[in-house]
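Report on the structure
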Amino acid sequence: MATQYDMLFQDWLETTKIQAKILDKIFISYGFDKNAKLLDCACGIGTQAIGLAMLGYNVTASDLSDGELKEAEKLAKENSVNISFKQANFCKLSDSFLEKFEIIIAMDNALPHMLSKEDLHCAIESISNQMDKGGIFIASIRDYDELLKQKPQCSTPYIHKTNKGQKVSFQTWDWLGDSYKFTQYIIDDENSLSIGKFDCEYRAVKRDELTKHLLYCGFTKVEWKFPEETGFYQPIVIAINSFRF
């Protein structure tokens, strides 16, 4: 899906800039500036990493997917930003990184790829161990507290109209307990009709569960911020490594 991921956005590059400004505002509110060592440990194609690098942050970016990293490196080069990319499993960050970071992010619902409580705990522990004292971890997840009440069969479709046609993307969801398998469809009729279809699985992680994992793994304070406050499209959790504030 890496080469088609940008089609999920009306304007991917503009989205990277908007999201970077949102994150920058959060970083500043917690006492950090552009000198902070920052790791995007689930960078995908670089949606947040590239925007933050454009703002002047010292960005290291990692992902488990080789395909995502290749696309991210290409997009970083196209946008003239310097990012250190590395293939890494965010459950085993110490296998790939010797240094620690003041800010670590994992956006766009990355953590719910962990399909068990044990796997999620492993990921949080790995991230916590890779963080400097006084650092913060920021992640975004879908609002599963609400979604689990209804367990919808599909996501709201995104329809992006252009001068040449339109792009339509949506997911169908097949629930099994607190997990769901989904199929991502990307339909593009700008020139000739093309349909992309990609399968994956998530576990619906409630905020209370994620908060407990974060506190157990050494974070001393956990705060949640919601779209109406931040302007980001998903709820954001902010976990603080120590009471430096």
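Let me sum up the structure you'll find in this document. No experiment lies behind these values; they were computed from the predicted model shown. (Residues numbered from 1 in each chain as written. Predicted model: local features only at pLDDT ≥ 70, side-chain atom pairs only at ≥ 80, totals over all residues. Heavy atoms only, no water.)

1. Concerning the overall build of the chain
Scanning the chain from terminus to terminus reveals seven helices and eleven strands. Taken against the 2.2 N^0.38 rule, which gives 18 Å for 245 residues, the C-alpha radius of gyration of the chain at 18 Å falls within 12% of a compact globule. Counting only C-alpha atoms and orienting by the principal axes, one finds that the chain spans roughly 55 × 45 × 35 Å. Put simply, the chain has 245 residues, and 52% of those count as buried. In the chain, once contacts between residues fewer than 6 apart in sequence are set aside, the share between residues at least 24 apart is 63%. In the structure as shown, the chain presents an accessible area of about 12100 Å², 49% of it carried by carbon and sulfur atoms. (Helix = DSSP H or I, 4+ residues; strand = E, 2+ residues; numbered from the N terminus. Rg over C-alpha atoms; globule rule 2.2 N^0.38 Å. Buried < 20%, exposed > 50% of the residue type's maximum accessible area, 1.4 Å probe, protein only. Contact = heavy atoms within 4.5 Å. Areas by Shrake-Rupley, 256 points an atom, 1.4 Å probe, with all protein chains shown as cover.)

2. Thoughts on the nonpolar core
Nonpolar side chains tend toward joint burial in soluble globular proteins. In this structure, Phe27, Leu52, Ile83 and Ile138 are the most contacted members of the largest nonpolar core, which totals 35 residues. Among the elements of the structure, α1 (12-29), α2 (47-54), β2 (58-63), α3 (66-78), β4 (101-106), β5 (131-140) and β11 (236-240) are those that each provide at least two residues to this core. Setting aside anything within four residues of it in sequence, one finds Ile138 in contact with Leu23, Ile26, Phe27, Ile104, Ile105, Ala106, Met107, Ile236, Val237 and Ile238. Judged by nonpolar contacts, the second largest core, of 31 residues, contains Cys41, Phe101, Met131 and Leu210. (Core = buried A, V, L, I, M, F, W, Y, C linked by side-chain atoms within 4.5 Å.)

3. Considering the sheet that holds β4
On the basis of which strands lie adjacent, the open sheet formed by seven strands has the order β3-β2-β1-β4-β5-β11-β10 and mixed pairing. Sheet topology places β3 (84-87) and β10 (221-225) at the edges, where each strand pairs with a single neighbour. Geometrically, the sheet is characterised by an average inter-axis angle of 20° between neighbouring strands, direction not taken into account. Bridge count for strand β1 (residues 37-40) against β4 is three bridges, and the pairing is parallel. Bridging from a neighbouring strand, Leu38 pairs with Ile103 of β4. Lying on the sheet, α3 is in contact with β2 and β3; it crosses β3 at an angle near 170°. (Pairing = 2+ DSSP bridges. Axes fitted to C-alpha atoms, helices over the stretch in contact; angles between N-to-C directions.)

4. Observations concerning the packing of α1 against α2
Where α1 contacts α2, the axes come no closer than 7 Å and their chain directions differ by 70°. Regarding the angle of α1 to α2, the classification is roughly perpendicular. Residue-level inspection shows Trp12, Leu13, Thr16, Lys17, Gln19, Ala20, Leu23 and Phe27 of α1 in contact with α2, the latter providing Thr47, Gln48, Ile50, Gly51, Leu52 and Met54. For the contact of α1 with α2, the residue count by class is eight nonpolar, five polar and one charged. (Parallel < 35°, antiparallel > 145°, perpendicular 65-115°, else oblique. Nonpolar A, V, L, I, M, F, W, Y, C, P; charged D, E, K, R; others polar.)

5. Notes on the pairing of strand β7 (residues 166-176)
Each regular strand carries side chains that alternate between the two faces of the sheet. As judged from the four bridges shared by strand β6 (residues 158-161) and β7, these two strands associate in the antiparallel manner. Counterpart to His160 in the pairing with β7 is Lys167. Linking β6 back to β7 in an antiparallel pair, the connection comprises four residues, with Gly165 at a positive phi of about 155°. Bridging between β7 and strand β8 (residues 179-188) involves ten bridges; their strand directions are antiparallel. Within β8, the position partnered with Leu176 by the bridge is Ser179.

6. Examining the packing of helix α4 (residues 117-129) against helix α6 (residues 207-216)
Each pair of packed helices can be summarised by the angle the axes make with each other and by the distance between the axes. Between α4 and α6, the least distance of the axes is 9 Å, while the angle of their chain directions is 45°. One finds that α4 runs oblique with respect to α6. As α4 runs across α6, the sense of the crossing is right-handed. Residues Lys117, Leu120, His121 and Ile124 of α4 touch α6, and the partners they reach there are Glu209, Leu210, His213, Leu214 and Tyr216. (Left-handed = near helix turned anticlockwise from the far one by under 90°.)

7. Considering the packing of aromatic side chains
Per the stated rule, a full pass over the model turns up twelve aromatic pairs. Measuring from centroid to centroid gives 5.0 Å for Trp173 and Tyr180, while their planes differ by 45°, and the two rings are tilted. In terms of burial, Trp173 and Tyr180 fall into one category: buried. Each ring, one from Trp175 and one from Tyr180, has its centre 4.7 Å from the other, and the planes form 35°; the classification is tilted. The residues Trp175 and Tyr180 share a single accessibility class, namely buried. The structure contains a cluster of three or more aromatic residues connected by ring pairs, namely Tyr144, Trp173, Trp175, Tyr180, Phe182 and Tyr202. We note Lys37 situated over the ring of Phe101; from NZ or CZ to the ring centre the distance is 5.6 Å. (Phe/Tyr/Trp six-rings, centres within 6.5 Å; stacked < 30°, edge-to-face > 60°. Lys NZ or Arg CZ within 6 Å of the ring centre and 35° of its normal.)

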